[in-house]
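Here is what each chain is made of, one letter per residue.
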Amino acid sequence: MTGIGGHAIGIDLGTKYSCVGVWKHDNNNVDIIANDQGNRTTPSCVAFTDTELLVGEAAFNQVVRNPDNSIFDAKRLIGRKFSDTSVQSDKKLWPFKLVEGPDDKPMILVTHKGKEKQYAAEEISSMVLAKMREIAEVYLGSTVKNAVITVPAYFNNSQREATKKAGISAGLNVMRIINEPTAAAIAYGLDKKAGWYSKRNVLIFDLGGGTLDVSLLTIGDGVFEVKATSGDTHLGGEDFDTKMVNYCVEEFKRKHNLDVSGNIRTLRRLKNACEKAKRRLSFTTTTDIEIECLHQGIDFYVTFTRSKFEQLNMDFFTKCMEPVQKCLEDAKMDTDSVHDIVLAGGSSRIPKVQQLLQNVFKGNELCKSIHPDEAIAYGAAVQAAVLSGHGNGKLKDFTLLDVTPLSLGVDTIADHCNTFMTVVIPRNSQIPIKENTSMTTSCHNQTHVRFSIYEGESETPINNNFLGEFVLEGIPPAPEGVPKFDVCFEIDANGILKVSAEDKSTGQKKDITIISGCDRKQGIETLV
């Protein structure tokens, strides 16, 4: 696809694997692009060695030999704090070292070319995105700048901003950040709309390597309107693998009285074997894990049944259904109102997950017509084509209306005075959106007011996710409730937030664009 803006690609930046696609006019469809190994998905893995930097297949293939300098799961770190419970929990499972950086930022510690270096998660993701860009450029035979990148629908503002920053660092013009289940809905609805004679309510169940997203959309006449979204940014195939690895560690200990839980290389070999076994168990009821010389020259052999796999992970599988119910409630729909239940993400292949989902929808058939590993990149490529001005043909009447996943609000604090979080933009509000609210002082003769910005569903700010803050100073002393402040929340099409407040008496104005992990008042360009 060529034009004034050049090629525009769609990238699914996954926890475990990434995928890239481009809209081609010659076949009026999306081409999912294979990498140099002929695979249509590429491991989201980066490795540092004594001589070079490896990304993708090359990095993944040497993980067992170089586990402490091979980085994966960066998506589980991006936009998070080092002190986050999930980060501290994952830290114990990763072979690479994680340390606390400035402003509670998690930093990955590696040895590269004989020197110790630290990298943020968005820097690792940037390397993966650069690899996906390179794969597209080889296929297209020209430079690629424009891209749409997908994120889990339940990613918060910090995680979205960090992903956008990673894209810019990879040399991409990030035209839009869109939600993964929305992208999957585009892949499903685009080819189906010709056979639909009315609007349809479609639920996307997107279970990937590290995240779960559920979105409900109404699709009709080329319009994709998100009604509600829910999910879990820390639940996916990686967690299922870990349960299997822990079981294997216990089996080896029981059989040979040897504990391998502290051996990084051994655990990595088990992890690779368990992931392959998990995939096989989606198509067969029994599989064997067999590893030669696992530890101290001892071979390891275990038979894994599907029922054992389901028993180990039943708490996770049950947890997968909670966002489905929440999404239906937020959309004010019952199960009978949903016409299609569409599966996306590699882990949606798991039979028990499909069975539980069918139970929620009273035995209705699940739609498996889209490729679960490629659908998200497909949808992103469609959106990229539309945004770059190439949306003719099948894309002529395409419109995407997305929502914000979490409520956004402000808590004004001055001296000893506190208030509850005032919600300015409720969750599942359609974006882009701009909302204003009026606020005042809570104490007599205040000369300054602090505006603290949060996202979340609790009335108590401390229970929500703190995004940033700014202070209006030089307010003329007046009785409580007299000064008036106009507070504006604005979310752009990427789901990124800008907040401003203006003192109506003086005209003084302050604003903040929420950025993750550093001085939030700086722009993205400054950060990069």
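Above this text you will find the structure in question.
The structure presented is a predicted model; accordingly, all values stated were derived computationally and were not measured.

**A closer look at the sheet that holds strand S27 (residues 497-503)**
- Strand order in the open sheet made by the four strands is S23-S26-S27-S28, with antiparallel pairing throughout. Of all the strands in the sheet, just strand S23 (433-439) and strand S28 (509-513) have a single pairing partner and so form its edges. For this sheet, the mean angle separating the axes of adjacent strands, direction not counted, is 15°.
- One ladder, built from five bridges, connects S27 with S28; its direction is antiparallel. Looking across to S28, one finds that lysine 498 is bridged to threonine 513.

**Considering empty space enclosed by the protein**
- Taken as a whole and judged by the stated rule, the model has four cavities of 30 Å³ or more.
- As a volume, the largest cavity reaches approximately 130 Å³.
- The wall of the largest cavity is formed by 19 residues, among which Phe155, Arg160, Thr404, Pro405 and Gly495 lie closest to the centre.
- By residue class, the composition of the lining of the largest cavity is 10 nonpolar, six polar and three charged.

**Re unusual backbone geometry**
- That bond from isoleucine 431 to proline 432 is cis: its omega, 0°, falls within 30 degrees of zero.
- By the element assignment, proline 432 lies in the loop between strand S22 (430-431) and S23.
- A positive phi angle is found at aspartate 103, which is not glycine, with a value near 55°.
- Tracing the chain through its elements places aspartate 103 in the loop between strand S8 (97-100) and strand S9 (106-112).
- Taking relative accessible area as the criterion, aspartate 103 reaches 52% and is therefore assigned exposed.
- The phi dihedral of asparagine 257 falls on the positive side, at around 55°, and the residue is not glycine.

**Quick notes on the pairing of strand S18 (residues 340-344)**
- Burial runs high along S18: five of the five residues are buried.
- The two faces of S18 match: Asp340, Val342 and Ala344 on one face and Ile341 and Leu343 on the other face are all buried.
- Bridge analysis of strand S13 (residues 200-207) against S18 gives five bridges, and the strand direction is parallel. Looking across to S18, one finds that aspartate 206 is bridged to alanine 344.

**Concerning helix H9 (residues 322-330)**
- All of the buried residues in H9 are Pro323, Val324, Cys327, Leu328 and Asp330. Down the axis of H9, the buried set is contained in an arc of 165°. They therefore lie on one face. Among the exposed residues of H9, those pointing more than 90 degrees away from its buried face are Glu322 and Glu329.
- Looking at the residues trailing H9, positive phi occurs at lysine 332, about 55°.

**Some words on the side chain of serine 407**
- Structurally, serine 407 can be placed in the loop between strand S19 (399-403) and strand S20 (408-413).
- Overall, serine 407 belongs to the buried group, its relative accessible area being 5%.
- Within the structure, the side chain of serine 407 is placed 3.0 Å from the backbone nitrogen of arginine 427, a separation counted as a polar contact.
- Residue contacts for serine 407: discarding those within four places in its chain leaves Met421, Val423, Ile425, Pro426, Arg427, Tyr454, Glu455, Gly456 and Glu457.

**Describing the environment of phenylalanine 466**
- Summarising the element assignment, phenylalanine 466 is placed in strand S25 (residues 465-473).
- Classification of phenylalanine 466 by relative accessible area gives partly exposed; the value is 33%.
- In this structure the C-alpha to C-alpha distance between phenylalanine 466 and glutamate 455, which are 11 residues apart in sequence, comes to 6.7 Å.
- If we ignore the near neighbours within four places in the chain, the residues touching phenylalanine 466 are Ser452, Ile453 and Tyr454.

**A few points about the environment of aspartate 411**
- Mapped onto the secondary structure, aspartate 411 falls in strand S20.
- Separated by 41 residues in sequence, aspartate 411 and serine 452 have C-alpha atoms that sit 5.3 Å apart.

What counts, and at which threshold
- Note on numbering: residues in each chain are counted from 1, in written sequence order.
- The predicted origin of the model limits local features to residues at a pLDDT of at least 70 and limits the giving and counting of side-chain atom pairs to 80 or more, whereas totals for whole chains, interfaces and linings rest on all residues.
- As a rule here, side-chain values come from all non-hydrogen atoms in the structure, and water together with hydrogens is ignored.
- A strand pair is defined by DSSP finding two or more bridges across the two strands.
- Runs of H or I in DSSP of at least four residues are treated as helices and runs of E of at least two as strands, each being numbered from the N terminus.
- Axis definition: a line fitted to C-alpha atoms, limited for helices to the stretch in contact. Angles are taken between N-to-C directions and run from 0 to 180 degrees.
- Any residue with an atom within 4 Å of a point lines the site, the site being either a cavity, points on a 1 Å grid over the protein atoms alone where a 1.4 Å probe fits but cannot get out, or a pocket, an open set with protein on both sides within 12 Å along at least 5 of 7 lines.
- Grid points are joined across faces, edges and corners, and a volume is the space filled by probe spheres set on the points.
- Under the convention adopted here, Pro, Cys and the residues Ala, Val, Leu, Ile, Met, Phe, Trp and Tyr are nonpolar, Asp, Glu, Lys and Arg are charged, and Gly plus all remaining residues are polar.
- When accessible area is computed with a 1.4 Å probe and restricted to protein chains, residues below 20% of their type maximum are described as buried, those above 50% as exposed, and intermediate ones as partly exposed.
- Throughout, the arc means that of the directions going from the helix axis to the C-beta atoms.
- Identification of polar contacts relies on pairs of N or O atoms within 3.5 Å, with a donor-acceptor requirement for protein atoms, meaning one able to donate a hydrogen and the other able to accept it, and with residues adjacent in sequence counted only if both atoms are side-chain atoms.
- Contacts were defined at the residue level, with two residues in contact if any of their heavy atoms lie within 4.5 Å.

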